[in-house]
Amino acid sequence: MPRAKTNAQMLAELDALYRLGYRGHVDFVDDNLIGNKKAVKAFLPELAQWLEAHDCPFEFTTEASINIADDAELLRLLNRANFVGVFIGIESPDPATLIAMRKKQNTRRNIAESIHKVYAAGLFVTAGFIIGFDTEQRSMADAMVDLIEEAAIPVCMVGLLYALPNTQLTRRLEAEGRLHPFPERANVKSADQCTMGLNFTTLRPRQEILADYVHVLERIYDPAAYAGRLLRLTKMLDNSGRKQQRTRAEHSRHKLGSLEIVHRIMTNLPEPRDMFRHTLTQCMASNPASIRWIVAMMALYLHVGPYSRDVIGRIEVMATALEPAAEHAMAERSMTEPLRIERASSSFAV
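Quantities reported herein were computed from a predicted structural model and do not represent experimental measurements.

Basis of the calculations
Residues numbered from 1 in each chain as written. Predicted model: local features only at pLDDT ≥ 70, side-chain atom pairs only at ≥ 80, totals over all residues. Heavy atoms only, no water. Salt bridge = Lys/Arg side-chain N within 4 Å of Asp/Glu carboxyl O. Core = buried A, V, L, I, M, F, W, Y, C linked by side-chain atoms within 4.5 Å. Buried < 20%, exposed > 50% of the residue type's maximum accessible area, 1.4 Å probe, protein only. Helix = DSSP H or I, 4+ residues; strand = E, 2+ residues; numbered from the N terminus. Contact = heavy atoms within 4.5 Å. 1 Å grid on protein atoms, 1.4 Å probe; cavity = no way out; pocket = protein on both sides within 12 Å on 5 of 7 lines; lining within 4 Å. Points joined across faces, edges and corners; volume = space filled by probe spheres on them. Nonpolar A, V, L, I, M, F, W, Y, C, P; charged D, E, K, R; others polar. pLDDT = per-residue confidence, 0-100. Polar contact = N/O pair within 3.5 Å; in protein donor to acceptor, adjacent residues only side chain to side chain. Axes fitted to C-alpha atoms, helices over the stretch in contact; angles between N-to-C directions. Parallel < 35°, antiparallel > 145°, perpendicular 65-115°, else oblique. Left-handed = near helix turned anticlockwise from the far one by under 90°. Phe/Tyr/Trp six-rings, centres within 6.5 Å; stacked < 30°, edge-to-face > 60°.

Draft legend 1. Local environment of the pattern of salt bridges. Counting across every chain of the model gives 21 salt bridges. For Arg 172, the salt bridge goes to Glu 176, with nearest N and O atoms at 3.1 Å. Here the salt bridges do not stand alone but share partners, grouping Lys 37, Lys 41, Asp 71 and Glu 73 into one network.

Structural data, given as structure tokens:
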């Protein structure tokens, strides 16, 4: 049963952070902030008043389902309450997979257009995608890349499906004799969460799934592709109506010298650096209210770019070690078993 804290409880937590002297980014850790729209719409005006009374000490991010794009009033309230970004679980471009995951809301819309509506409300988007579902009848890689490019989402968390304990997915796989033994707790803590997915015998050839994963990571974290999505984002992320107030954290960054920070980021970005520089110039000229977030996304590439290449290397080693004949034999046996609707979990490459 979903539970909701009271408005007073949430504001009390922010009061505690404020008294401790913290200023800056706060994440509302919720699988879906808008799961109870009535409650969140009642809370956001109070949050906006609290921010105004405290000289806007915090800015917020959260997680929400994609139907957040359908509610213009909700997006306006989030903007006014200084929400600057949202993580959205898109998961797959395949309708059959989305239905099996109970994400039918993702099948009733043009996903890219929905993301663009969120941008127009002044919130940047990061998104989650998963590869390895039983419902995948063919390669998902190109369709997934095309969707990411069309939506212009710079940072995408792409993961291999992982069956977690005590879930419908795990119970079904175990009944079908396809679930691999769970590792010891100590091993889980030290594991690379991006390469420990697919802890079951897959229906599609495992090598094909791993090849999809590598292909998606190579394409979306190619420097030119990433810079291109950033450039398109500068034309859609509309912070022009957002009340411009500097938090204490922002003041600190400003004192360090914003040009110095930008120079440091640009110097460490990979080639073709000119594309990133062009994106920055375009944003400064046409969308200065959003420049901070474009710079932040450039800074994120200093992590996600090298990390994606590290994950690709690990996955390629795993793929080389596979025995295709045994994998195909198990796939043929499992294809005769019925699919069931279930919730799924993933490991994300961040």
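Draft legend 2. Broad picture of the nonpolar core. Leu 44, Leu 47, Phe 83, Ile 115 and Val 158 are the most contacted members of the largest nonpolar core, which totals 94 residues. Per-element accounting of this core gives the leading share, eleven residues, to helix 14 (residues 291-320). Sequence-distant contacts of Leu 47, that is, excluding residues within four places in its chain, are made with Leu 11, Leu 14, Phe 28, Phe 60, Ala 81 and Phe 83.

Draft legend 3. Summary view of the layout of surface pockets. What the second largest pocket holds in volume is close to 760 Å³. As for the second largest pocket, its lining consists of 23 residues, and the residues nearest its centre are Arg 3, Ala 4, Lys 5, Met 10 and Asp 30. Secondary structure elements with two or more residues in the lining of the second largest pocket: helix 1 (7-19), strand 1 (24-28) and helix 2 (37-53). If one sorts the elements of the lining of the second largest pocket by residue count, helix 1 sits on top with five residues. For the lining of the second largest pocket, the per-class residue count stands at 14 nonpolar, four polar and five charged.

Draft legend 4. Just the environment of Phe 200, in detail. Looking at where Phe 200 falls in the secondary structure, it is placed in the loop between helix 8 (185-190) and helix 9 (206-220). Phe 200 sits 38 residues away from Tyr 162 along the chain, and the two C-alpha atoms are 8.1 Å apart. Non-local contacts of Phe 200, meaning those with residues more than four positions away in its chain, are made with Gly 132, Asp 134, Leu 161, Leu 173, Arg 178, Leu 179, His 180 and Arg 206.

Draft legend 5. Structural context of the confidence of the model for the protein chain. With 85% of its residues at a pLDDT of 70 or more, the protein chain has an overall mean of 86. Note on residues 251-257: pLDDT under 50 across the span, and seven contacts to partners over four residues away in sequence or across chains. In this model residues 333-350 is a low-confidence stretch, pLDDT under 50, and it forms 61 contacts with partners more than four residues away in sequence or in other chains.

Draft legend 6. Highlighting the environment of Ile 265. Tracing the chain through its elements places Ile 265 in helix 12 (residues 258-268). Judged by its relative accessible area of 11%, Ile 265 falls in the buried class.

Draft legend 7. Expanded view of the side chain of Ser 92. With respect to the helices and strands, Ser 92 occurs in the loop between strand 3 (83-91) and helix 4 (95-100). Reaching out from Ser 92, the side chain makes a polar contact with the backbone nitrogen of Asp 94 at a distance of 3.0 Å. Leave out the neighbours within four places in its chain, and Ser 92 touches Thr 97, Leu 98, Phe 129, Met 140 and Met 144.

Draft legend 8. Layout of the packing of helix 1 against helix 2. Relative orientation of the contacting elements helix 1 and helix 2 amounts to 30°, with a least axis distance of 10 Å. The orientation of helix 1 relative to helix 2 falls into the category roughly parallel. Considering the relative orientation of helix 1 and helix 2, their crossing is right-handed. Between helix 1 and helix 2, the contacting residues are Asn 7, Met 10, Leu 11, Leu 14, Asp 15 and Tyr 18 on the first element and Ala 42, Phe 43, Glu 46, Leu 47 and Trp 50 on the second. Residue composition of the contact of helix 1 with helix 2, grouped by class: eight nonpolar, one polar and two charged.

Draft legend 9. Just the packing of aromatic side chains, in detail. Under the definition given, this model contains 13 aromatic pairs. With centroids separated by 6.1 Å and ring planes inclined at 85°, the aromatic side chains of Tyr 18 and Trp 50 adopt a geometry described as edge-to-face. Note that Tyr 18 is positioned in helix 1 and Trp 50 in helix 2, a separation of 32 residues in sequence. Residue class for Trp 50 comes out buried when judged on its relative accessible area of 8%. Seen from their ring centres, Tyr 226 and Phe 276 are 6.5 Å apart, and the 40° between their planes marks the pair as tilted. With a gap of 50 residues between them, Tyr 226 in helix 10 (residues 223-234) and Phe 276 in helix 13 (residues 273-286) connect regions that are remote in the sequence. The residues Tyr 226 and Phe 276 share a single accessibility class, namely buried. Each member of the aromatic cluster is reached from another via a ring pair, and the members are Tyr 18, Tyr 22, Phe 28, Phe 43, Trp 50, Phe 58, Phe 60 and Phe 83.

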